[in-house]
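Remarks on the overall topology
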Amino acid sequence: MTTPSDRVWARIASLLPGRADLAAVRCAPRRDLLAGLTVAVVALPLALGFGVSSGLGAEAGLATAVVAGALAAVFGGSDLQVSGPTGAMTVVLVPIVGRYGPTGVLTVGLMAGVMLVGLAALRAGKYMRYLPAPVVEGFTLGIACVIGLQQIPNALGVPKPDGDRVLVVTWRAVEEFTKHPNWTAVGFAVAVAAVMLLCARWRPTVPSSIVAVIAATIVARSAHLDAAKPIGDLPAGLPAPSLSFLDPGALDTLLAPAVAVAALAALESLLSASVADGMTVGRRHDPDRELFGQGLANIAAPLFGGVPATGAIARTAVNVRTGAGSRLAALTHAAVLAVIVFAAAPLVSKIPLAALAGVLLATAIRMVEVGSLRAMMKATRSDTLILGLTAMATLALDLVYAVIIGLLVAGALALRAVAKQARFDQVPLDHGDHSAEEQALLAEHIVAYRIDGPVFFAAAHRFLLELTGVADVRVVVLRMSRVSMMDATGALMLKDAVEKLRRRGIVVIASGIRPGQRQVLESVGALELLRHEGGEYATTPEAICAARDHLEATGLLSALPARKPPTSSEEALR
């Protein structure tokens, strides 16, 4: 018999690396090493650029790529995931830097890491699969726009204006550029972006970002172009781990930003892992273990001055396309970047900021899948609305609010669609072998309704209006065998309708109530009311017989011939 402590240890063991991971690393190490080297070449300018964009500097981006990339590779739930600083996280971090400063960002990252570990322990990873596709496409489009706009100051060669709203900052940067144009910076940004976009189309195997950045750096240094402002000095190596940034008194004020960062890290990492699964055959990531790995990565990265990290879709895709088969590739990517940090910091510090802006502009453009957007917008009007609202909310507010708005709108539209499936139709009575005169008498006093689909809070009000608006009859028969679902609101509305009809002298008889609906009807007192008023029967023919008996007992009808037992066709009316 397993004890609670045994279950706890089993749960912890399920989140840690196992023998299968080690066996996968031994399968094709050369291929993984080559893939990791390729990803590192692609990731270097992105790590530098996202570090600069976040407001903590290029060194923060490199520290994140090294520390978070290594830990997420070892402890994450995907064999092919590559983690590090991303554009989506930068979008969230910029306003945090503006309000709380660099130490606030580091604290937020640490808190978010703890939250991610907690989500893994609660097995929350599986719930991310329910995110609607239009929401994903919408915030991806919004993120791409924000990343592109964030690069405008560096691409124009002007100091970044104050502010945490990207549209406002972009407008101020353009105004500054019109006063003091810097065409050298614009030329570098446009050239680097153009090289990347053209290579992606004609030579996708070439690591165009690093080639373009190296070329831009050589041109800027050899021509002594002062207008091409470089990154600046970088430390030769990672700083010693420290908790000096942590301010316990500010933890309560940083809770909301930490929740936003944790939510984004979970969302983007699991989406990236799902993309990796889709690019391979037979591979499936462990969502809870992925959250655990990202949690550890985000706990450790701030200790070395790094920003919060997530799984990176672009780098993960490069990893898969270059033949990676295990975690060794992502680990190699982190190791190569660490070597660059220690050995090539002086060279990296010479890279023009405008060149990095060009890298991120091209990255933003490549994030937008035009074909996918067109397909989504052609699907339904609801999908178009959700996608557009999510994208606009990302630009106007922030990513977390955008996702919440998208989910709320998607949920409301889905409820509306489900509510429309509920039908309340009058159906003809089955009169068996009665004469035409007898059938006319029955139809004059009895009306039967069939309820199809869900009877829940979104459809219950319409159900109540239709039921209480029946014509002046004596008996209403409710055929409920096709009710697929009923909640407490639907049951209360049914009870209310029965009471309203009762006050008008109309008896309500129900048939075919399923066991799943019986409990909820009984809990609100509707089932007892039905039994007291007219009765509750297993089949519709039995309910109609009871309605006829009621009319005879009240003297509205003379005694009619006794009916034969229900036939098989009558049983179909249940």
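The sections below set out a description of the structure shown in this document. (Residues numbered from 1 in each chain as written. Predicted model: local features only at pLDDT ≥ 70, side-chain atom pairs only at ≥ 80, totals over all residues. Heavy atoms only, no water.)

The secondary structure content of the chain amounts to 26 helices and 8 strands. On C-alpha atoms alone, the chain measures out to a radius of gyration of 33 Å, which is more than a quarter above the 25 Å that the 2.2 N^0.38 rule sets for 574 residues. Taking the principal axes of its C-alpha atoms as reference, the chain extends roughly 110 × 65 × 50 Å. When the 574 residues of the chain are sorted by exposure, 50% land in the buried category. (Helix = DSSP H or I, 4+ residues; strand = E, 2+ residues; numbered from the N terminus. Rg over C-alpha atoms; globule rule 2.2 N^0.38 Å. Buried < 20%, exposed > 50% of the residue type's maximum accessible area, 1.4 Å probe, protein only.)

Right, let's talk about the pattern of salt bridges for a bit. Inspection of the entire model under this criterion finds 11 salt bridges. A salt bridge links Asp-21 to Arg-289; the nearest nitrogen and oxygen atoms lie 2.8 Å apart. Of this pair, Asp-21 sits in helix α2 (residues 19-25) while Arg-289 sits in helix α12 (residues 287-300), and the two are 268 residues apart along the sequence. Judged by its relative accessible area of 9%, Arg-289 is buried. By sharing partners, the salt bridges in this structure join Asp-21, Asp-79, Arg-283, Arg-289 and Arg-327 into a single network. (Salt bridge = Lys/Arg side-chain N within 4 Å of Asp/Glu carboxyl O.)

A few words now on the environment of Leu-197. Of note, Leu-197 is situated in helix α9 (residues 183-202). Overall, Leu-197 belongs to the partly exposed group, its relative accessible area being 29%. With 271 residues separating them in the primary sequence, Leu-197 and Thr-468 have C-alpha atoms 64 Å apart. Once residues lying within four places of it in the same chain are set aside, the contact partners of Leu-197 are Ala-362, Ile-365 and Arg-366. (Contact = heavy atoms within 4.5 Å.)

We now examine α9. Taking 1.5 Å per residue, 20 residues should reach 28 Å; α9 reaches 28 Å between its end C-alpha atoms and fits that length. Taken residue by residue, α9 has Ala-185, Val-186, Phe-188, Ala-189, Val-192, Ala-193, Met-196 and Cys-199 as its buried positions. If you follow the buried residues of α9, they end up packed against α7 (152-156), α8 (166-179), α10 (208-222) and α16 (353-367). (Expected span 1.5 Å × (residues − 1).)

Turning our eyes to something else, we now look at helix α3 (residues 29-54). Here α3 contains 26 residues, and its C-alpha end-to-end distance of 35 Å stays within 8% of the 38 Å for a straight helix at 1.5 Å per residue. The largest bend in α3 amounts to roughly 35° and is located at Ala-43, with the proline Pro-45 lying one to four residues further along. At the exit of α3 stands Gly-55, carrying a positive phi of roughly 100°. (Bend = angle between axes of the 7 residues up to and from the residue.)

What follows covers the packing of aromatic side chains. Summed over all chains, the structure comprises 2 aromatic pairs. Ring centres of Phe-75 and Phe-292 lie 6.4 Å apart, and the angle between their planes is 80°; on these two criteria the pair is classed as edge-to-face. Residue Phe-75 is found in helix α4 (residues 58-75), and its partner Phe-292 is found in helix α12; the two are separated by 217 residues along the sequence. The exposure class assigned to Phe-75 is partly exposed, which follows from its relative accessible area of 21%. When the ring of Phe-177 is compared with that of Trp-183, the centres are 5.1 Å apart and the planes differ by 80°; the resulting orientation is edge-to-face. The exposure class of Phe-177 is buried, given its relative accessible area of 10%. By relative accessible area, Trp-183 is classed as exposed at 62%. Over the face of the ring belonging to Trp-202 we find Arg-201, whose NZ or CZ atom lies 5.4 Å from the ring centre. (Phe/Tyr/Trp six-rings, centres within 6.5 Å; stacked < 30°, edge-to-face > 60°. Lys NZ or Arg CZ within 6 Å of the ring centre and 35° of its normal.)

Counted residue by residue, strand β5 (residues 475-479) has 5 buried out of 5 residues, so it is predominantly covered. Across 5 bridges, strand β4 (residues 446-455) lies against β5 in parallel orientation. Within β5, the residue paired with Ile-446 across the bridge is Val-475. One ladder, built from 5 bridges, connects β5 with strand β7 (residues 507-511); its direction is parallel. From the neighbouring strand, Val-477 faces β7, where its bridge partner is Ile-509. (Pairing = 2+ DSSP bridges.)

Okay, a nonpolar patch on the surface next. Taken together, the side chains of Val-8, Trp-9, Ile-12 and Leu-16 make up a nonpolar region of the molecular surface, amounting to roughly 400 Å² of accessible area. For Val-8, the location among the structural elements is in helix α1 (residues 4-14). (Patch = residues over 30% accessible without salt bridge, like charges linked within 9 Å, V, L, I, M, F, W, Y side chains within 5 Å. Areas by Shrake-Rupley, 256 points an atom, 1.4 Å probe, with all protein chains shown as cover.)

Tracing the sequence through the fold places Asp-32 in helix α3. It is Arg-31 that comes nearest to the buried, bridge-free Asp-32 among opposite-charge side chains, at 4.8 Å. If sequence neighbours within four positions are ignored, Asp-32 has contacts with Val-25, Gly-323, Ala-324, Gly-325, Ser-326, Leu-328, Ala-329 and Thr-332. (Lys, Arg positive; Asp, Glu negative; His and termini not counted.)

The subject of this paragraph is the nonpolar core. In summary, soluble globular proteins display a tendency toward joint burial of nonpolar side chains. In terms of nonpolar packing, the biggest core is built from 91 residues, with Leu-48, Phe-139, Ile-231, Leu-234, Val-261 and Leu-337 touching the most fellow members. Ranked by residue count, the leading element in this core is helix α5 (residues 87-121), at 15 residues. Residues Ile-451, Leu-467, Val-473 and Val-498 belong to the second largest nonpolar core, which totals 31 residues. (Core = buried A, V, L, I, M, F, W, Y, C linked by side-chain atoms within 4.5 Å.)

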